[in-house]
Amino acid sequence: MSSPACKVTDIASLIPQRSPIQMVDRYIFEDELNCRSELTINEDNLFLDESGYMSVEGVLEHIAQTSAAHIGYLHRLAGKTISLGYIGDIKRCAVTGQMPAAGATLCTHVSVVSQVGNVTLVSAEAAVNDSPILSCRMKVAED
Amino acid sequence: MIKKMVAILADEFEVEAEVIQPEANIKETMHLDSLSLVDMVGLVNEEFGVEIKTPDLPTIKTFADLYDYVFTRM
């Protein structure tokens, strides 16, 4: 199933979320176990707090949508139907930097740790300007 | 090697190491559900470099089964 790294700009074909809840602009497939994504934060982003900074929940939603996009892309490569993905749980969440403000670009790397049936465990790290701001383990369950 | 496995599992799933006995049922002992099973698979993969295949999971019922599966594939 290996394919060269490629950028998928038609993110709507991989996840069901649409603006204003869509939290991934660009998805970059690296290999079966790894992907990256980017989100340029608009001023009207729903996850900005009163101070104008992205909330932790916003970054976690960004990671969840990145993970779901990756799982969906793997399904597409395998000729399968893309399912809805849900957050199963979140562990080892560490905030290591300041949350980004509007105008910043959030970049995330997601790595698949394991998969059992329709549940995928991923390790993720989000960064802004190459500085890590949050890392976690997240389970994504497919419908 | 078994000691290492027991310590890692006890820490991850927050159970006493003493309850992890070879003939004990894994799911019952560590209170695993369909979501947390993937944690065990990930842990074994990261710590021992062994990937437990989904179709093999039903055959791994006890900790002795898990040790056999992992240590024969390292």
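About the thresholds
- Residues numbered from 1 in each chain as written.
- Chains lettered and ligands numbered in written order.
- Predicted model: local features only at pLDDT ≥ 70, side-chain atom pairs only at ≥ 80, totals over all residues.
- Heavy atoms only, no water.
- Contact = heavy atoms within 4.5 Å.
- Salt bridge = Lys/Arg side-chain N within 4 Å of Asp/Glu carboxyl O.
- Polar contact = N/O pair within 3.5 Å; in protein donor to acceptor, adjacent residues only side chain to side chain.
- Helix = DSSP H or I, 4+ residues; strand = E, 2+ residues; numbered from the N terminus.
- Buried < 20%, exposed > 50% of the residue type's maximum accessible area, 1.4 Å probe, protein only.
- Pairing = 2+ DSSP bridges.
- Axes fitted to C-alpha atoms, helices over the stretch in contact; angles between N-to-C directions.
- Parallel < 35°, antiparallel > 145°, perpendicular 65-115°, else oblique.
- Left-handed = near helix turned anticlockwise from the far one by under 90°.
- Nonpolar A, V, L, I, M, F, W, Y, C, P; charged D, E, K, R; others polar.
- pLDDT = per-residue confidence, 0-100.
- Phe/Tyr/Trp six-rings, centres within 6.5 Å; stacked < 30°, edge-to-face > 60°.

Draft legend 1. Examining the interface of chain B and chain A more closely. Contact residues are listed per partner, giving 14 residues for chain B and 13 residues for chain A. Here chain B and chain A share five salt bridges between them. As a salt-bridge pair, Asp39 of chain B and Lys139 of chain A come within 2.5 Å of each other at their nearest N and O atoms. Linking chain B with chain A are seven residue pairs in polar contact (both at pLDDT 80 or more), by the criterion used here.

Draft legend 2. Representation of the pattern of salt bridges in the model. Inspection of the entire model under this criterion finds nine salt bridges over all chains. Two residues, Arg26 of chain A and Glu38 of chain A, come together in a salt bridge whose shortest N-O distance is 2.6 Å. Note that Arg26 of chain A is positioned in strand S2 (residues 26–31) and Glu38 of chain A in strand S3 (residues 34–40), a separation of 12 residues in sequence. For Arg26 of chain A, a relative accessible area of 21% corresponds to the partly exposed category. Within this structure, Asp89, Lys91, Arg92 and Lys139 of chain A together with Glu12 and Asp39 of chain B form a network of salt bridges that share partners.

Draft legend 3. Up close: the pairing of strand S7 (residues 131–142) of chain A. Residues and elements named next belong to chain A. S7 sits mainly inside the fold: nine of its 12 residues count as buried. Pairing analysis gives eight bridges linking strand S4 (residues 85–95) to S7, with the strands arranged antiparallel. In the sheet register, Ala94 faces S7, and the bridge partner there is Ser135. Where strand S6 (residues 119–128) and S7 come together, 10 bridges link them in antiparallel fashion. Paired with Ala126 across the bridge in S7 is Leu134. In this structure, the hairpin formed by S6 and S7 is closed by a connection of two residues, where Asn129 is found at a positive phi of approximately 50°.

Draft legend 4. Fine view of the packing of helix H3 (residues 37–48) of chain B against helix H4 (residues 63–71) of chain B. All names here are of chain B. Running from N to C, H3 and H4 cross one another at 40°; their axes reach a closest spacing of 12 Å. Here H4 runs oblique to H3, going by the angle between their axes. Considering the relative orientation of H3 and H4, their crossing is right-handed. Mapping the contact onto sequence places Met40, Val44 and Phe48 in H3 and Leu66, Val70 and Phe71 in H4. Considered class by class, the residues forming the contact of H3 with H4 number six nonpolar, no polar and no charged.

Draft legend 5. Spatial organisation of the confidence of the model for chain A. With 96% of its residues at a pLDDT of at least 70, chain A reaches an overall mean of 91. At the level of individual helices and strands, chain A shows its lowest average pLDDT in strand S1 (residues 6–8) of chain A, which scores 73, and its highest in S6 of chain A, which scores 97.

Draft legend 6. The packing of aromatic side chains, seen in detail. All names here are of chain B. Counting across every chain of the model gives four aromatic pairs over all chains. Aromatic side chains Phe48 and Phe71 sit 6.1 Å apart centroid to centroid with 70° between the ring planes, which places their arrangement in the edge-to-face category. On the criterion of sequence distance, the pair formed by Phe48 in helix H3 and Phe71 in helix H4 is long-range, its members being 23 residues apart. Residue Phe71 is classed as partly exposed on the basis of its relative accessible area, which comes to 26%. Relative to Phe71, the ring of Tyr67 lies with its centre 6.0 Å away and its plane at 15°, an arrangement referred to as stacked.

Draft legend 7. Looking closely at the packing of helix H1 (residues 2–13) of chain B against H3 of chain B. All names here are of chain B. At a minimum axis distance of 11 Å, the contact between H1 and H3 shows a crossing angle of 140°. Considering the angle they form, H1 stands oblique to H3. The chirality of how H1 crosses H3 is right-handed. Note on element contacts: H3 touches H1 through Asp39, Met40, Leu43, Val44, Glu47 and Phe48, opposite Lys4, Met5, Ile8, Leu9, Glu12 and Phe13.

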